[in-house]
Amino acid sequence: MSARLRIVAVIVALAAASQAGAQEPLPPSRLAVRAGGAWRTWWRSDAAPGQWREAQRLVARSVKWRRVAMGVETGALRLAGSGEAWRTQVVLVRIDPRVHTMRLAEGATRNLLEGRWTVDSAPGDARVALNAGQFRFGTPWGWVVHEGYEVLPPGRGPLAMAIAQDSSGRVQWIEDTEIERAHVTLQPRVAFQSYPALLIGDGRLPAQLQAPGRGIDVAHRDARLAIGELRDGWLLIALTRFDALGTTFGQVPFGLTVPEMAAVMGALGARRAVLLDGGISAQLALRDGAGAVRRWRGVRGVPLGLVLVPRSAVASTAPHQGTP
């Protein structure tokens, strides 16, 4: 065989291997929800849905939402999964951005391995507080706009998603293909960026989450924190906690895979969603109308926090209109 034919054969073999890898299924796993006194499986890795209506009928309707303040509701979801996710609690908050203002809180330090912001640092007027975005070398990754001032330019990469709010309270979700235009045309008061996107378009699962070998680790399990947008514009925040040994071990970083977390957000009715930093960084705080605070702390501080505070000039809104 000539050298040219050998090269052609190698190229063909590599292409075939690449195509075979792209067609590999997700690692075997499943998710069940407690309903009617029994565990009911609603998601399997070998039959992951592209649409979420069936899952929403079971999962979203199993959550009992409780109004804690104007435009803020909380609930919980208990899941049975595979491996480390044998028992997982999902702490849920949904919040109306029309009556809340986003603020970013810096927690960067000179120590490149640590950040100093935690939910204990949240101001007294914050209804909701959580760690924001992803981090690199102790500083936030990607676009950061604080009080109309651009602190960091946008980051680039597949499944990078930005969330921006203008002075009117309007929130925009900006996918990676739109970030260049948005950076030029938008003038947000607050913006931050994270990855990977879990749901894009109108609830569509990105191709990178549908099989291994597409740039996203679809097998790794960890504690997860995600933020999404419901169809009526409300924000949905979901934090997972290991739930096999009680609340004492809730901070143990065991939990869902990235595709499983995408399924949770889709089954709860989100049309867009993105992961925030999880693992031992994941943390959340919720303050009710009486001022009582519930905190789900992380193990370490982070370089950037997100808080949502009431907009004093906005009229009261009705409660969320229920499940999808």
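Up top is the structure.
Worth saying up front: this structure is predicted, and the values here are computed from it rather than measured.

### With respect to the packing of aromatic side chains
Alright, step 1. Scanning the model with the defined rule gives two aromatic pairs in all.
Alright, step 2. The interplanar angle of 80° and the centroid separation of 4.8 Å between the aromatic rings of W141 and Y195 together place this pair among those described as edge-to-face. One end of the pair, W141, is in the loop between β9 (139-140) and β10 (144-146); the other, Y195, is in the loop between β14 (190-194) and β15 (197-199), and 54 residues separate them in sequence.
Alright, step 3. On the numbers, 5.3 Å between centres and 85° between planes, the contact of F242 with F254 is edge-to-face. Linking F242 in strand β17 (residues 235-242) with F254 in the loop between β17 and α4 (258-267), this pair joins segments that are twelve residues apart in sequence.
Alright, step 4. Looking at F242, the relative accessible area reads 10%, which means it is buried.
Alright, step 5. Judged by relative accessible area, F254 falls into the partly exposed class, the value being 32%.

### Brief notes about unusual backbone geometry
Only a minority of non-glycine residues have a phi that is not negative, and only a minority of peptide bonds are not trans.
Alright, step 1. P196 follows Y195 through a cis peptide bond whose omega is -5°.
Alright, step 2. By the secondary structure assignment, P196 is in the loop between β14 and β15.
Alright, step 3. In this structure, E147 takes a positive phi of about 50° despite not being glycine.
Alright, step 4. Position of E147 relative to the elements: it lies in the loop between β10 and β11 (149-152).
Alright, step 5. Residue E147 is classed as partly exposed on the basis of its relative accessible area, which comes to 47%.
Alright, step 6. You will see that L159, though not glycine, has its phi angle at about 70°, which is positive.
Alright, step 7. With respect to the helices and strands, the residue L159 is situated in the loop between β11 and β12 (161-165).

### Regarding the pairing of strand β18 (residues 270-276)
Alright, step 1. Within β18, seven of the seven residues are buried, leaving the element largely enclosed by the surrounding structure.
Alright, step 2. In the sheet, β15 pairs with β18 via two bridges, with the strands oriented antiparallel. Directly across from A197, in β18, lies its bridge partner V274.

### Side note on the nonpolar core
Alright, step 1. Counting 74 residues, the largest nonpolar core has W42, L77, V128, L198 and M265 as the members making the most contacts within it.
Alright, step 2. No other element matches the seven residues that α4 contributes to this core.
Alright, step 3. If we skip the residues at most four places from it in the chain, W42 touches L31, A32, V33, A55, L58, V59, L79, A263, V264 and A267.
Alright, step 4. V119, A129, V302 and V309 belong to the second-largest nonpolar core, a separate cluster that totals nine residues.

Rules and cut-offs
Residues numbered from 1 in each chain as written. Predicted model: local features only at pLDDT ≥ 70, side-chain atom pairs only at ≥ 80, totals over all residues. Heavy atoms only, no water. Phe/Tyr/Trp six-rings, centres within 6.5 Å; stacked < 30°, edge-to-face > 60°. Helix = DSSP H or I, 4+ residues; strand = E, 2+ residues; numbered from the N terminus. Buried < 20%, exposed > 50% of the residue type's maximum accessible area, 1.4 Å probe, protein only. Pairing = 2+ DSSP bridges. Core = buried A, V, L, I, M, F, W, Y, C linked by side-chain atoms within 4.5 Å. Contact = heavy atoms within 4.5 Å.

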